[in-house]
Structure formats: C-alpha cells, structure tokens
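Below are the chains, spelled out letter by letter.
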Amino acid sequence: RKILKYKKNLEKTKAKFCTFNEFLFVFQTYNKGLFAKKILKPFLEMKVKNILVFADGCIDSSANEFHKIMKGENHFVIQSNDLHEIHNYRLSLSFADNLDCKYLVLLQDDDLYKKNLFEWIINSTGLIEKFNASIVGGLSGFNLVSNFQYKKVDKSITTANFKEFKNSSGEKFYQLGDFEKCEIPQFYESNKKQNYKFVAAVNRSPQLIKVEQAKKLGFFPKELEPYQYDDHFNCFKSWILGYKVILAPLADIKPIGIGGMRLFNDVNSKKRPIHFAKNWNFILETFGKFINNGFIQSMVNE
C-alpha cells in the first residue's frame, strides 16, 4: 500500500514540473543533506523541469534527502566518489543533450538563491543570444593585465603568496606569486539588465553556459582533472574562437559555508595541492601566446 500510494503521488506531482524547459540546473553537493530543502526550495517552488544533483563523496544522507524532495520526471540524483567538479560538469553536458536542454545553470551547495535568480537567468540568456556569448557568470570574474608576464610554475605554487590590492587609481587586483595577476572588475551590485561587462573569464557560480558551444569548445577538459583552472580554460577558449564571456553579477546570494570540494581537498589561499602547477602550466601551454601578446584582453576590450 505504501508503494502504491507513493507511485500515485508521483504520477500526480511530476507533471507539475514544467518550467524552464530548456535549462538543466546542476548542483554539486558535498555533505549538505541538512540543507537540501533550503537549497532546492526556490527551484521546486518555481517547478523547474530539469534538475541534476551530484552527491559527490557524501558520507551523510545528502543523496537520500535530495531524492526525497525531487519528484519531477527529470529530477536526478547521482552519487559518486569523484570529489572534483570537472568530471561531473562534463557529464552534465551529456545529460543536457539527452533532455534537449540548450543551457546549463551551474550551481553549488554553498549558496542559497532567491527567486531573483530566475530573472537573472532570463536576462543572461538574452545576453548570450544577443552577443554570441558562451558563458555568463553571476559571481565574479577577472581581466588580464597587459604589462604583466604570465609564467609557468613549479611546486612553489603550493605556498605562493596570494594578495588582493588596489593601485593608485583605485583599480583592484589579485596576484598569486610572480606568475599570475588579474584585474577585478568593479560593479555596483544590482540585478538590472544593463549591469554587465565583458571580461576575460568568470568564476563559478552561478554560471549560465550554452550547451552547444560548450561541447564544441571542449569545456571541462580531462587534462585539468582533478580540478582547478577549468574556468580559465572555458573562457579563454571562448574568446579565441570568437565567443564572448560576460559577467553579470547576481545580488542577494546567501553563503552557507565553504564549498564541499575545496573543504574535502583542504584548499585555501595559503595551501594548494601540487597539481595546481600541472593545471596552470597546461593553461599556459594552451593559451600562453594569446595571454602574453594581449590578444585575449584586446578582444574583451573591443
């Protein structure tokens, strides 16, 4: 009786999830079972059709808690022990294809979103189509610095000094050791449609990605597994092959703790795994000429 009752309830419920048909909402989660209802609340209330949750490396009840409240026909929970985002996000491109979704909305478990996220998605979709962009980021981004020489690294990256600072003109920068330096775009926090800028790269999340272009450009490459610098790859590859990258900050994101993947892998500003060197050098090998000769930033500025 219990099974039949649940089956009947599902049949009534799943048809209600029918909005944002062309979007696949992708969550990377790690031990956030207690927050499952809070994390998914706006998406379930909006009745979005397609949701994919990766319960990655979880040792709590995350997968079960998310599964209990995700009752749409296209609501999926995948348990894995990868603990790295690149593999899962690449897999989500195949899911999007299978579900006839044109866009991925990449989200993580360390933020709570309000319903203004959906207005941001609609506005960002318009930006993608208007400007032939591949990615719109809603969190942060950076531009390359023309008078800085980007260099390959060795194991010193694990303890290299990270700093944020302003120059005499008030422009903000961050720098890692003597090999990476970027300008931080300045914004007034707003959800208005016109509040966007073209940037060299954006950081997750949220991110809106056009599936067709992501597959064409080879987003989330295996070479950068287990993780780190894949945002750089996706964005630089976009600019070089004629697609734009846009930063449109989303206001009112409420943090609920450190992201699980970084927590599990013990990554912070003063301590980094040795594979960061491998990944950064892969970025330089792939795009170094376009970074240091100013081509990418000139495309952004233009």
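What comes next is a walk through the structure.

What counts, and where the lines are drawn
Residues numbered from 1 in each chain as written. Predicted model: local features only at pLDDT ≥ 70, side-chain atom pairs only at ≥ 80, totals over all residues. Heavy atoms only, no water. Pairing = 2+ DSSP bridges. Helix = DSSP H or I, 4+ residues; strand = E, 2+ residues; numbered from the N terminus. Axes fitted to C-alpha atoms, helices over the stretch in contact; angles between N-to-C directions. Contact = heavy atoms within 4.5 Å. Salt bridge = Lys/Arg side-chain N within 4 Å of Asp/Glu carboxyl O. Buried < 20%, exposed > 50% of the residue type's maximum accessible area, 1.4 Å probe, protein only. Parallel < 35°, antiparallel > 145°, perpendicular 65-115°, else oblique. Left-handed = near helix turned anticlockwise from the far one by under 90°. Nonpolar A, V, L, I, M, F, W, Y, C, P; charged D, E, K, R; others polar. Polar contact = N/O pair within 3.5 Å; in protein donor to acceptor, adjacent residues only side chain to side chain. Phe/Tyr/Trp six-rings, centres within 6.5 Å; stacked < 30°, edge-to-face > 60°. Lys NZ or Arg CZ within 6 Å of the ring centre and 35° of its normal.

1. Here we look at the sheet that holds strand E8 (residues 162-166)
Step number 1: A sheet is described by the order of its strands in space; here five strands give the open sequence E8-E9-E10-E7-E12, paired in antiparallel fashion. Two strands bound the open sheet, and with one partner strand each, they are E8 and strand E12 (201-203). The sheet shows a mean angle of 30° between the axes of neighbouring strands, direction not considered.
Step number 2: Examined bridge by bridge, strand E7 (residues 140-144) and E12 share three bridges and lie antiparallel to one another. Within E12, the residue paired with phenylalanine 142 across the bridge is alanine 201.
Step number 3: Sheet strands touched by helix H7 (residues 230-240): E7, strand E9 (172-176), strand E10 (180-184) and E12. Its angle to E12, the strand with the most contacts, is close to 145°.

2. Notes on the pattern of salt bridges
Two side chains of opposite charge can pair, provided their charged atoms sit close to one another.
Step number 1: Per the stated rule, a full pass over the model turns up twelve salt bridges.
Step number 2: Lysine 41 is the salt-bridge partner of glutamate 45, the closest N and O atoms lying 4.0 Å from each other. Linking glutamate 45 with lysine 41, this pair stays in helix H2 (residues 36-45), spanning four residues, or about one helical turn.
Step number 3: With relative accessibility at 49%, the residue lysine 41 sits in the partly exposed group.
Step number 4: Connected through salt bridges with shared partners, the residues Glu85, Arg204, Asp230 and Asp231 form a single ionic network.

3. Regarding the packing of H7 against helix H9 (residues 275-292)
When two helices pack together, their arrangement is captured by the angle between the axes and the distance separating the axes.
Step number 1: The N-to-C vectors of H7 and H9 enclose an angle of 25°; their axes lie 11 Å apart at closest approach. As far as their axial angle goes, H9 and H7 are roughly parallel. The crossing of H7 and H9 is left-handed. Residues His232, Phe233, Phe236, Lys237 and Ile240 of H7 pack against Trp280, Phe282, Ile283, Thr286, Phe287, Phe290 and Ile291 of H9.
Step number 2: Residues of the contact of H7 with H9, tallied by class, amount to nine nonpolar, two polar and one charged.

4. What about unusual backbone geometry?
Step number 1: Here the bond from arginine 204 into serine 205 is cis, since omega is -20°, no more than 30 degrees from zero.
Step number 2: Structurally, the position occupied by serine 205 is in the loop between E12 and strand E13 (207-210).
Step number 3: The omega angle of the peptide bond from glutamate 225 to proline 226 is 15°, so this bond is cis rather than trans.
Step number 4: For lysine 47, which is not glycine, the phi dihedral falls at a positive 60°.
Step number 5: Looking at where lysine 47 falls in the secondary structure, it is placed in the loop between H2 and strand E2 (50-56).
Step number 6: Despite not being glycine, phenylalanine 220 shows a phi value in the positive range, around 55°.
Step number 7: Secondary-structure assignment places phenylalanine 220 in the loop between helix H6 (211-217) and H7.

5. With respect to the environment of lysine 197
Step number 1: Its place among the elements puts lysine 197 in strand E11 (residues 197-198).
Step number 2: Expressed as a C-alpha distance, the spacing of lysine 197 and glutamine 186, which sit eleven residues apart in the sequence, is 9.5 Å.
Step number 3: Sequence-distant contacts of lysine 197, that is, excluding residues within four places in its chain, are made with Gln186, Phe187, Val245, Ile246 and Leu247.
Step number 4: Among the polar contacts made by the side chain of lysine 197, one reaches the main-chain carbonyl oxygen of glutamine 186 at a distance of 2.6 Å.

6. A closer look at the packing of aromatic side chains
Step number 1: Under the defined criterion, the tally for this structure stands at 27 aromatic pairs.
Step number 2: Here the aromatic rings of phenylalanine 148 and tyrosine 150 are separated by 5.0 Å at their centres, their planes lie at 80°, and the arrangement is edge-to-face.
Step number 3: The exposure class assigned to phenylalanine 148 is buried, which follows from its relative accessible area of 14%.
Step number 4: On the basis of relative accessibility, which here comes to 3%, the residue tyrosine 150 falls in the buried class.
Step number 5: A ring pair is formed by phenylalanine 236 and phenylalanine 287, whose centres lie 5.7 Å apart and whose planes are at 80°; its orientation type is edge-to-face. Placement of phenylalanine 236 in helix H7 and of phenylalanine 287 in helix H9 is noted, with a sequence separation of 51 residues between them.
Step number 6: Above the face of the phenylalanine 165 ring, lysine 163 is positioned so that its terminal group lies 5.3 Å from the ring centre.
Step number 7: One cation-aromatic arrangement involves lysine 181 over phenylalanine 173; the distance from NZ or CZ to the ring centre is 5.2 Å.

These figures come from the coordinates and say nothing about function on their own.
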